[in-house]
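For reference, the chains in residue letters:
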Amino acid sequence: MSTPSSLAGLAYWVKTFGCQMNFHEAERVSGLLDAHGLLPVTTAEEADVCIFMTCCVREKADTHLAGQVSAMASAPAPPSGRRTVAIGGCIAQRDAENVRIAMPRADLAFGTQAIPKLPELIARSRATKPGRILVDVEEPYDAFSTDLPQHRANAWRAWVPIMYGCNNFCTYCIVPYVRGRERSRTAADILAEIGRVRATGAREVYLLGQNVNSYGHDLEGQPTFAELLREVARTGVDRVRFTSSHPKDLTVGTLEAMAEEPAIMPHLHLAAQSGSDRILAAMGRRYRKADYLALAREAHARVPGLALTTDLIVGFPGETEADFQATLDLVDEADLQGAYTFIYSKRAGTKAAEMPDQVPSEVAHERLERLAEAVQRVSAKAHRALVGTHVEVLVEGASKRGGEVLMGHSPENYTVHFPKPKGVAVEELTGAIVDVDVEEARSFYVQGKIAGEAR
Ligand code: SF4
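**Description of the nonpolar core**
Side chains that are nonpolar tend, in soluble globular proteins, to be buried together.
Stage number 1. Grouped together as the largest cluster of nonpolar side chains are 52 residues, with contacts concentrated most on I162, L207, V240, F242, L268 and Y292.
Stage number 2. Once residues within four sequence positions are removed from consideration, L268 is found in contact with F242, S245, L250, L255, M258, A299, L306, A307, L308 and T309.
Stage number 3. F52, L65, V99 and V178 belong to the second-largest nonpolar core, a separate cluster that totals 23 residues.

**Quick word on the sheet that holds strand β15 (residues 390–399)**
Stage number 1. With mixed pairing, the five strands of this closed barrel are ordered in space as β15-β16-β17-β19-β18. Adjacent strand axes in the sheet meet at a mean angle of 50° when their direction is disregarded.
Stage number 2. Here strand β16 (residues 402–409) runs beside strand β17 (residues 415–419); their pairing, made up of five bridges, is antiparallel. Looking at the pairing, H409 lines up with T415 of β17.

**Considerations on the site of the ligand**
Stage number 1. What surrounds the ligand is the set C166, N168, F169, C170, Y172, C173, V175, P176, Q210, H246 and R285.
Stage number 2. When grouped by side-chain class, the residues that make up the shell around the ligand number seven nonpolar, three polar and one charged.

**Points about the domain arrangement of the protein**
Stage number 1. Each assigned domain of the protein is listed with its residue range as follows: domain 1 (4–136), domain 2 (157–385) and domain 3 (390–450).
Stage number 2. Placing a centre on the C-alpha atoms of domain 1 and another on those of domain 2 gives a separation of 30 Å.
Stage number 3. At the junction of the two partners, domain 1 supplies 18 residues and domain 2 supplies 17 residues.
Stage number 4. Buried surface at the junction of domain 1 and domain 2, summed over both partners, amounts to about 1600 Å²; 55% is from carbon and sulfur atoms.
Stage number 5. The largest share of the area that domain 1 buries against domain 2 comes from Q20, M21 and R58, three residues that together contribute 36% of it.
Stage number 6. At the boundary of domain 1 with domain 2, the tally comes to two salt bridges.
Stage number 7. As a salt-bridge pair, E193 and R28 come within 2.7 Å of each other at their nearest N and O atoms.
Stage number 8. Across the domain 1-domain 2 interface, the total number found is three residue pairs in polar contact (both at pLDDT 80 or more).
Stage number 9. Per-element accounting of the side of domain 1 that touches domain 2 gives the leading share, eight residues, to helix α1 (residues 20–35).
Stage number 10. Residue composition of the side of domain 1 that touches domain 2, by class: five nonpolar, six polar and seven charged.

The rules behind each value
- Residues numbered from 1 in each chain as written.
- Predicted model: local features only at pLDDT ≥ 70, side-chain atom pairs only at ≥ 80, totals over all residues.
- Heavy atoms only, no water.
- Core = buried A, V, L, I, M, F, W, Y, C linked by side-chain atoms within 4.5 Å.
- Buried < 20%, exposed > 50% of the residue type's maximum accessible area, 1.4 Å probe, protein only.
- Contact = heavy atoms within 4.5 Å.
- Pairing = 2+ DSSP bridges.
- Helix = DSSP H or I, 4+ residues; strand = E, 2+ residues; numbered from the N terminus.
- Axes fitted to C-alpha atoms, helices over the stretch in contact; angles between N-to-C directions.
- Near = heavy atom within 4 Å.
- Nonpolar A, V, L, I, M, F, W, Y, C, P; charged D, E, K, R; others polar.
- Domains from an automatic or database assignment.
- Buried area = accessible area lost by both parts, 1.4 Å probe.
- Salt bridge = Lys/Arg side-chain N within 4 Å of Asp/Glu carboxyl O.
- Polar contact = N/O pair within 3.5 Å; in protein donor to acceptor, adjacent residues only side chain to side chain.

The following block contains the structure:
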């Protein structure tokens, strides 16, 4: 029978769909496989072990995944003669039976809590006859995978989960069913991890949780989220960011920490989802539009130079043109600097999936277009306001426009492009902080030129 040690030398490839938590878990999977002697490769065709870290928040991701997994069946055999296809993350956790039916090419389905067992599961799967799918989706939600090795995609940034799960049960959302109730990590555990990632080059720490503002509520004697933020900022890390924030739990203390601790970046992503009180109530969000606008005003007043961004959903069941108009109005009224816009995605098992008056797809698409125009207007305005200013950028590498143009983000999380200085390799500047004079605003980024030395 194969053992995890028999995996040494096999090539692996990991593909990630979905949110930052998924990216973080993919880094844990990679770290664990590295520790067992597997070797990362950059294409599925070269890999003996292909791992798909899945997301079940949107239906489109499901369909996309099934297509990619079935394509594995016709791919040439890898060096070892056998390719193991493993489905991890939320889709496997939610419905392993469906993985069996929709993805017959899969050899293994492992849930969000089974990551520590992955090498053993791969070894067991490879020891059985092809065509049988091995499933491990137990739900011991008390286990954390944070002490596993981690293979960070970028040395300069570390995703650090501070809590798992969610208690909110928004009526459209599958997350609480898949990831369970809120469980916070202790502050000592989080700070120890931040010490380790700093020692290995992280300059930016991204604190993750489905609802970071309710951090610590489930544990005795832990700091509040605002206090934790301050402690993290004082570790000496250059940049601290966090996501996601639920408006009903955002505190003045958090805004004060953002205003007072220079390492906490002045960017707040606060999901509004809708501007209609009727739809917010149907979504189970537990705030009204006026509450959101008051929070937005307070955040802008307390945090100098804040960029406020949000998520907005169109086409929620029962959404009328008047409800949609209220969402359009919110884009201007909340003084937003950007937003992610989505069409409501019906997820089986949620309350909203059973609601009457599902909005026809063509109506939802037409609303999405109008909303995207409104969002583009406010982000273009925010970008124009940067022209003539000087921003600090953490360099992330070459832009999609090619290696002669580098990119990174400003403290407010604006995307900044600038020409690579002559004679300097991309790798030399990646992970450095540089000053950029902003000269031009584009729809999705600003561009300028480096001023001064990298640090
Ligand atoms: S806060 Fe609502 S939308 Fe966010 S993860 Fe929890 S249930 Fe889902």
